[in-house]
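One-letter residues, chain by chain:
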Amino acid sequence: MANILKVLKGTKDILPQEIDMWHFVEKTADEVFSKYGFKEIRTPIIEVTELFARGVGDTTDIVNKEMYTFEKSDRSITLRPENTAGVVRSYIENGMSRLSSPVKLWYKGPMFRYERPQAGRQRQFHQVGVEMFGIKQPTADAEVILTAVNFLKALGLNDLEVELNSLGCPKCRDEFKNKLKAVLKPYLNDLCEDCQTRYEKNPLRLLDCKVEDCQKIYSKPEIQEVIMSDFLCDECREHYDELKLYLEKMGVKYSENKLLVRGLDYYNRTVFEIKSNNLGSQNAVAGGGRYDGLVGQLGGEPTPAIGFAMGMERLISLLPDRKSKNLDAYIVSNYTTDAFVFAQELREQGVNVEFDLANKKFTKQLEKASKVAKYALILGEDEISKHQVSIKNLEEGKQITVDRADCVKMLEL
Ligand code: ATP
Ligand code: MG
């Protein structure tokens, strides 16, 4: 029998004592992304399966192994494993290409992938990300990477590494793919099953393989020579060089990694990851890149685009713990109606305040106040008759009595 008192494997509750961290990340995302001109978009968590098969790519692990897919009224529906495909769908469906470019969108929310749960890897996890449509110049690549870096800085995360690569365009990449296939041909039977499929369908992703035996083959000198070769055509080279120049001018430190090909099929030219040394083996905080072909591939007007996604759980695990906020004040009183009325007045003036709902003894109420609030607001017999309140600062122990109308301005909130 299913254990109904246990969350599903790979999923987690976000508990009240953790929620301040989430609010901090979400608020910072809103603030920083807004500064760069991004507007939030919220797309549905479910989409037709075909969107991901076509949008993410049917040679990816995400589409082949990791999707939560179910049938409803003869339609195949999937819980989104990532949000780029959904945002692109919405961009096309809502005619956003008619808006003045660039169209800059950001999102946050849960994603679902049927993966083996482990540290840093869940089946329901959260991403925050941005997508920018309409700009083919490397200024867009630089601005998107800068947005990511400055968001991480605003969270207080400075010691992260940006890794950069260019996958070229379909034209120059095809030549590279053919060279790679030719040099790997003698080893084809020694590659893992996944790599044998990749060899046919998406040879670039061979380089991404985590299997040791495959990596041994890829590190052979004749294969390294091809991997390390400069295959970019003039336009792609120029784009890449210009991006690097912008990053240098903006003081963004990066390292180049020829093996960085990213898991998704839709990238061209710029790809990047941001990594932390404090995350163990699942060390990527963010992944992104340019996907100039995707809007066209999904049925829209061909539109250059670039974006990134960050794992929120991984971000949060890097942040110092934030204490859950206490209440500003707790009303201590045996006069329930007065406490009710006073609490409401204070709330209308922006004070976070609670009072005893269960007729507890005065001393118990005071005990509770000292646990949850900064101030105890005491309405005893005297205070009630004079329409006053005694404010006790629970951190310093000082107590003063003032007119109730003056209460809020006496509180340091
Ligand atoms: P990984 O190599 O870690 O599997 P990925 O290439 O599958 O990453 P993306 O699809 O690029 O990841 O997603 C961007 C970010 O989302 C990752 O850098 C990571 O921080 C986060 N992420 C991806 N999958 C998971 C997961 N299963 N659980 C938690 N976070 C995840
Ligand atoms: Mg993955």
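Residues numbered from 1 in each chain as written. Chains lettered and ligands numbered in written order. Predicted model: local features only at pLDDT ≥ 70, side-chain atom pairs only at ≥ 80, totals over all residues. Heavy atoms only, no water.

A short note on the packing of helix α1 (residues 19-35) against helix α5 (residues 138-154)
The relative placement of two packed helices is expressed as an angle between their axes plus a distance between the axes. Relative to each other, α1 and α5 sit at 135°, their axes nearing to 10 Å. The angle between α1 and α5 falls in the class oblique. The two elements α1 and α5 cross, and the hand of that crossing is right-handed. Residue-level inspection shows Phe-24, Val-25, Thr-28, Ala-29, Val-32 and Phe-33 of α1 in contact with α5, the latter providing Thr-147, Asn-150, Phe-151 and Ala-154. In terms of residue class, the contact of α1 with α5 is built from seven nonpolar, three polar and no charged. (Axes fitted to C-alpha atoms, helices over the stretch in contact; angles between N-to-C directions. Helix = DSSP H or I, 4+ residues; strand = E, 2+ residues; numbered from the N terminus. Parallel < 35°, antiparallel > 145°, perpendicular 65-115°, else oblique. Left-handed = near helix turned anticlockwise from the far one by under 90°. Contact = heavy atoms within 4.5 Å. Nonpolar A, V, L, I, M, F, W, Y, C, P; charged D, E, K, R; others polar.)

Some points on the pairing of strand β11 (residues 305-311)
On a regular strand, one side chain projects to one face of the sheet and the next to the other, so that they alternate. Of all seven residues making up β11, seven are buried, and the element is well covered by its neighbours. Here β11 shows no split at all, with Ala-305, Gly-307, Ala-309 and Gly-311 on one side and Ile-306, Phe-308 and Met-310 on the other all buried. As paired elements, strand β10 (residues 284-290) and β11 share five bridges and run antiparallel to each other. Residue pairing across strands places Arg-290 opposite Ile-306, the latter belonging to β11. (Buried < 20%, exposed > 50% of the residue type's maximum accessible area, 1.4 Å probe, protein only. Pairing = 2+ DSSP bridges.)

Topic: the site of ligand 1
Ligand 1 sits among 14 residues. The nearest are Arg-113, Glu-115, Arg-121, Gln-122 and Arg-262. Taking Gln-122, its main chain carries an N or O atom lying 2.8 Å from a nitrogen atom of ligand 1. At a separation of 2.5 Å, an oxygen atom of ligand 1 approaches a polar side-chain atom of Arg-262. Starting from 580 Å² of accessible surface for ligand 1 in isolation, the protein chains cover 87%. Where the shell around ligand 1 is concerned, the elements lending two or more residues are β6 (124-133), β10 and β11. In terms of residue count, β10 provides more of the shell around ligand 1 than any other element does, three residues in total. Across the shell around ligand 1, the residue classes tally to five nonpolar, four polar and five charged. (Near = heavy atom within 4 Å. Polar contact = N/O pair within 3.5 Å; in protein donor to acceptor, adjacent residues only side chain to side chain. Areas by Shrake-Rupley, 256 points an atom, 1.4 Å probe, with all protein chains shown as cover.)

Remarks on a positive patch on the surface
A cluster of like positive charges, contributed by Lys-360, Lys-361, Lys-364, Lys-368 and Lys-371, occupies part of the molecular surface. Positionally, Lys-364 belongs in helix α14 (residues 362-372). Of the residues examined, Lys-364 reaches a relative accessible area of 46% and is grouped as partly exposed. (Patch = residues over 30% accessible without salt bridge, like charges linked within 9 Å, V, L, I, M, F, W, Y side chains within 5 Å. Salt bridge = Lys/Arg side-chain N within 4 Å of Asp/Glu carboxyl O. Lys, Arg positive; Asp, Glu negative; His and termini not counted. Charge placed at Lys NZ, Arg CZ, Asp CG, Glu CD.)

Some points on α1
For α1, spanning 17 residues, the distance from its first C-alpha to its last is 24 Å, which sits close to the expected 24 Å at 1.5 Å a residue. Packed against the buried residues of α1 are β5 (103-112), β6, α5, β11 and α12 (312-318). Taken from the residues just after α1, Gly-37 is the one with a positive phi, measuring 90°. (Expected span 1.5 Å × (residues − 1).)

Quick look at the sheet that holds strand β2 (residues 46-48)
Reading across from one edge, β2-β4-β3 is the order of the three strands in this open sheet, with antiparallel pairing throughout. What marks the edges here is a single partner per strand, and that holds for β2 and β3 (68-72). Taking the axes of each pair of neighbouring strands and ignoring which way they run, one obtains an average angle of 35° across the sheet.

Some details on the sheet that holds strand β9 (residues 268-276)
Across the sheet, eight strands lie side by side as β1-β5-β6-β11-β10-β9-β7-β8; this open sheet has mixed pairing. Two strands bound the open sheet, and with one partner strand each, they are β1 (39-40) and β8 (254-256). Sheet topology places β9 next to β10; six bridges connect them, and they run antiparallel. Residue pairing in the sheet places Phe-272 in a bridge with Gly-288 of β10. Strands β5 and β6 of the sheet are contacted by helix α4 (residues 84-93), whose axis makes an angle of about 40° with β6. Where α5 meets the sheet, it contacts β5, β6, β7 (160-166), β9, β10 and β11, and its direction lies at approximately 20° from that of β11.

A short note on the packing of aromatic side chains
Inspection of every chain in the model, using the stated rule, returns ten aromatic pairs. For the ring pair Phe-33 and Phe-308, a centre distance of 6.1 Å and an interplane angle of 65° mean the geometry is edge-to-face. Highlighted residues: Phe-33 in helix α1 and Phe-308 in strand β11, separated in sequence by 275 residues. The exposure class of Phe-33 is buried, given its relative accessible area of 0%. Between Phe-133 and Tyr-291, the ring centres sit 6.4 Å apart and the planes meet at 85°, which makes this aromatic pair edge-to-face. Taken together, the positions of Phe-133 in strand β6 and Tyr-291 in the loop between β10 and α11 (294-297) put the pair 158 residues apart, joining distant regions of the chain. By the burial criterion, Phe-133 is buried, and Tyr-291 matches it. Chaining the aromatic ring pairs together yields one cluster made of Phe-33, Phe-38, Trp-106, Phe-151, Phe-272 and Phe-308. Positioned above the aromatic ring of Phe-342, the side-chain terminus of Arg-404 is 5.7 Å from the ring centre. (Phe/Tyr/Trp six-rings, centres within 6.5 Å; stacked < 30°, edge-to-face > 60°. Lys NZ or Arg CZ within 6 Å of the ring centre and 35° of its normal.)

Side note on the pairing of strand β14 (residues 373-379)
Of all seven residues in β14, six are buried; the element is thus mostly enclosed. Taken together, the six bridges between strand β12 (residues 327-333) and β14 define a ladder with parallel strand orientation. Bridging across to β14, Leu-327 finds its partner in Ala-373. Relative to strand β15 (residues 388-393), β14 runs antiparallel, the two sharing four bridges. Each bridged residue has a counterpart across the sheet, and for Tyr-375 the counterpart in β15 is Asn-393.

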